[in-house]
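Residue-level structure breakdown
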Amino acid sequence: MHNKQIIFKKRPVGVPDADTWQLETNPVPELEEGEILVEHHYISLDPAMRGWMNDTKSYIPPVAIDDVMRAGSIGKVIKNNGNPKFEIGDVVTSWGGVQQYAITNGDGWYKVDTRLAPMPKYIGILGMPGMTAYFGITEVGKIKEGDIVLVSGAAGAVGSVVGQIAKIKGCTVIGIAGGQEKCDYIINELGFDDAIDYKSENIYTALKKKCPKGVDVYFDNVGGKILDAALSKLRMHARVVICGAISQYNQKSKIDGPSNYLSLLVTRSTMQGMVVMDYTKKFGEAAQQMGIWMQEGKLKSKEDIYEGIENFHETYNRLFSGEKKGKLVLKVIEE
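Summarised in this report is the structure supplied together with it.

Scoring rules and cut-offs
Residues numbered from 1 in each chain as written. Predicted model: local features only at pLDDT ≥ 70, side-chain atom pairs only at ≥ 80, totals over all residues. Heavy atoms only, no water. Helix = DSSP H or I, 4+ residues; strand = E, 2+ residues; numbered from the N terminus. Rg over C-alpha atoms; globule rule 2.2 N^0.38 Å. Buried < 20%, exposed > 50% of the residue type's maximum accessible area, 1.4 Å probe, protein only. Contact = heavy atoms within 4.5 Å. Areas by Shrake-Rupley, 256 points an atom, 1.4 Å probe, with all protein chains shown as cover. Axes fitted to C-alpha atoms, helices over the stretch in contact; angles between N-to-C directions. Parallel < 35°, antiparallel > 145°, perpendicular 65-115°, else oblique. Nonpolar A, V, L, I, M, F, W, Y, C, P; charged D, E, K, R; others polar. Salt bridge = Lys/Arg side-chain N within 4 Å of Asp/Glu carboxyl O. Pairing = 2+ DSSP bridges. Polar contact = N/O pair within 3.5 Å; in protein donor to acceptor, adjacent residues only side chain to side chain. Core = buried A, V, L, I, M, F, W, Y, C linked by side-chain atoms within 4.5 Å. Left-handed = near helix turned anticlockwise from the far one by under 90°. Arc of directions from axis to C-beta.

1. Considering the overall build of the chain
Secondary structure assignment for the chain yields nine helices and 15 strands. A compact globule built from 335 residues would reach a C-alpha radius of gyration of about 20 Å, and the chain, at 20 Å, matches this within 12%. Over its C-alpha atoms, taken along the principal directions, the chain stretches across nearly 60 × 45 × 35 Å. Relative to its full complement of 335 residues, the chain shows a buried share of 52%. The contacts of the chain with a sequence gap of at least 6 include a subset with a gap of at least 24, amounting to 66%. For the chain, the exposed area adds up to about 15700 Å²; of that, 49% sits on carbon and sulfur atoms.

This is the structure we're talking about:
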């Protein structure tokens, strides 16, 4: 057996080019005692991958040069050399990397039930993006009924779920997205109360019009100028959730920090970062609740699926070009 792998070759400056990675085909080693072989079906592509390439202090060590590119994954166990936790045919998910096959002793891998939801959902709404949204808005954002919630990156994998959970909890939700099509999607399909198209609207003017009473919770996925504008609209004791800063990830120089930060002082507000790994022990209860909401038709998701590990770089670029809707997924092999 041979394994197609995306190998990380150099640390990018700005937008990663094709030379950042190398596609290699390598033999699949024999399993050692207690190991399983997972055949990947889908790979998760997430904005956080850009940060993992930088050799800087972060919440997780950087991807090492010449390692398989880190990524979430889901697939089936096709070989087992004495691991009692798994059986052939089990569908499992973890950080398997951008490759066709992964060998593991099973630590950090979790079985999922594809009778309840198809594979891509478990690396999307029922995976890291969904968990990020759930704990980010409920535990860090501390939403309560009647709150006015503003979400950036609102049509993305995390932002779209944040807004829907806020609606379920009885909040008024305004989403910021790029382009009329995405704004129509979050209002008409996901039930947001209003939308701001940052590509065609002045963000300050739009916030004044669509958030006239201000904002109780701002969930930030983009950083930069949009974060700065949102800080100007905080109500008393507002909560700002720093989840991501996709507008800044490819900056070649220093990132753009907020100049309106004194709004936190005036309004006695808080701004807190969140990393989904902090809530690992509670993933089960979140997935159960979100599964119920999905069955009730209150929570929807969209997966944007592209095929072929050879197309990793082109597909990865869609994270930052805006050429995607919902969760970006790379299909590696037929189910």
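Now, onward.
2. Observations concerning the packing of helix 2 (residues 128-140) against helix 8 (residues 283-295)
Contact geometry of helix 2 with helix 8 gives a least axis separation of 10 Å together with a crossing angle of 95 degrees. Overall, the two elements helix 2 and helix 8 adopt an arrangement that is roughly perpendicular. On helix 8, the residues that touch Gly 130, Met 131, Tyr 134 and Phe 135 of helix 2 are Phe 283, Ala 286, Ala 287, Gln 289, Met 290 and Trp 293. Residue classes in the contact of helix 2 with helix 8 are distributed as eight nonpolar, two polar and no charged.

3. Structural notes on the pattern of salt bridges
Note that side chains of opposite charge can pair when their charged atoms are close. According to the stated counting rule, one finds 15 salt bridges in the structure shown. For the salt bridge of Asp 66 with Lys 9, the shortest nitrogen-to-oxygen distance reads 2.7 Å. Of this pair, Asp 66 sits in the loop between helix 1 (48-52) and strand 4 (73-80) while Lys 9 is found in the loop between strand 1 (2-8) and strand 2 (21-27), placing the two residues 57 residues apart along the sequence. A relative accessible area of 45% places Asp 66 in the partly exposed class. Given the relative accessible area of 29%, Lys 9 is considered partly exposed. Here Lys 144 and Asp 147 are joined by a salt bridge, their closest N and O atoms 3.2 Å apart.

4. Some remarks on the sheet that holds strand 8 (residues 148-152)
Read across the open sheet, the six strands follow the order 10-9-8-11-12-13; overall the sheet is parallel. The sheet is open, and its two edges are formed by strand 10 (194-197) and strand 13 (270-273), each paired on a single side. Neighbour to neighbour, the strand axes of the sheet diverge by 15 degrees on average, direction disregarded. One ladder, built from five bridges, connects strand 8 with strand 9 (residues 172-177); its direction is parallel. Note that in strand 9 the partner of Ile 148 across the bridge is Thr 172. Packed onto the sheet, helix 5 (residues 203-210) meets strand 8, strand 9 and strand 10 and runs at close to 170 degrees relative to strand 10. Running at roughly 155 degrees to strand 12 (residues 234-242), helix 6 (residues 224-231) makes contact with strand 8, strand 9, strand 11 (215-220), strand 12 and strand 13 of the sheet.

5. Side note on the side chain of Ser 160
With respect to the secondary-structure elements, Ser 160 resides in helix 3 (residues 159-168). There is a polar contact of 2.6 Å between the side chain of Ser 160 and the backbone oxygen of Gly 156. Among all residues touching Ser 160, those that are not within four sequence positions of it are Gly 153, Ala 154, Ala 155, Leu 190 and Phe 192.

6. With respect to the nonpolar core
Ranked by size, the top nonpolar core spans 46 residues in total, and within it Ile 74, Ile 137, Ile 143, Val 149, Ile 186 and Met 290 carry the most contacts. Apart from the residues within four sequence positions on either side, Ile 74 is in contact with His 40, His 41, Tyr 42, Val 91, Val 92, Thr 93, Val 112, Met 119, Tyr 122 and Ile 123. Listed in part, the 21 residues of the second largest apolar core include Leu 207, Val 222, Leu 234 and Leu 264.

7. Regarding the packing of helix 2 against helix 3
Where helix 2 contacts helix 3, the axes come no closer than 8 Å and their chain directions differ by 45 degrees. In this view, helix 2 runs oblique relative to helix 3, as classed from their interaxial angle. In the packing of helix 2 onto helix 3, the handedness of the crossing is right-handed. Only Val 161, Val 162 and Ile 165 of helix 3 make contact with helix 2, whose side of the interface consists of Ala 133, Tyr 134, Ile 137 and Thr 138. For the contact of helix 2 with helix 3, the residue count by class is six nonpolar, one polar and no charged.

8. A word on helix 4 (residues 180-188)
Along helix 4, the residues classified as buried are Lys 182, Cys 183, Tyr 185 and Ile 186. The arc that holds every buried residue of helix 4, seen down its axis, measures 155 degrees, which confines them to one face. Exposed and oriented more than 90 degrees from the buried face of helix 4 are Glu 181 and Asn 188. The elements touched by buried residues of helix 4 are strand 9 and strand 10.

9. Some remarks on the environment of Pro 129
Along the chain, Pro 129 falls in helix 2. For Pro 129 and Val 173, which are 44 residues apart along the polypeptide, the C-alpha to C-alpha distance reads 19 Å. Discounting chain neighbours no more than four positions away, the residues touching Pro 129 are Asp 46, Ile 123, Gly 124, Ala 157, Val 158 and Lys 327.

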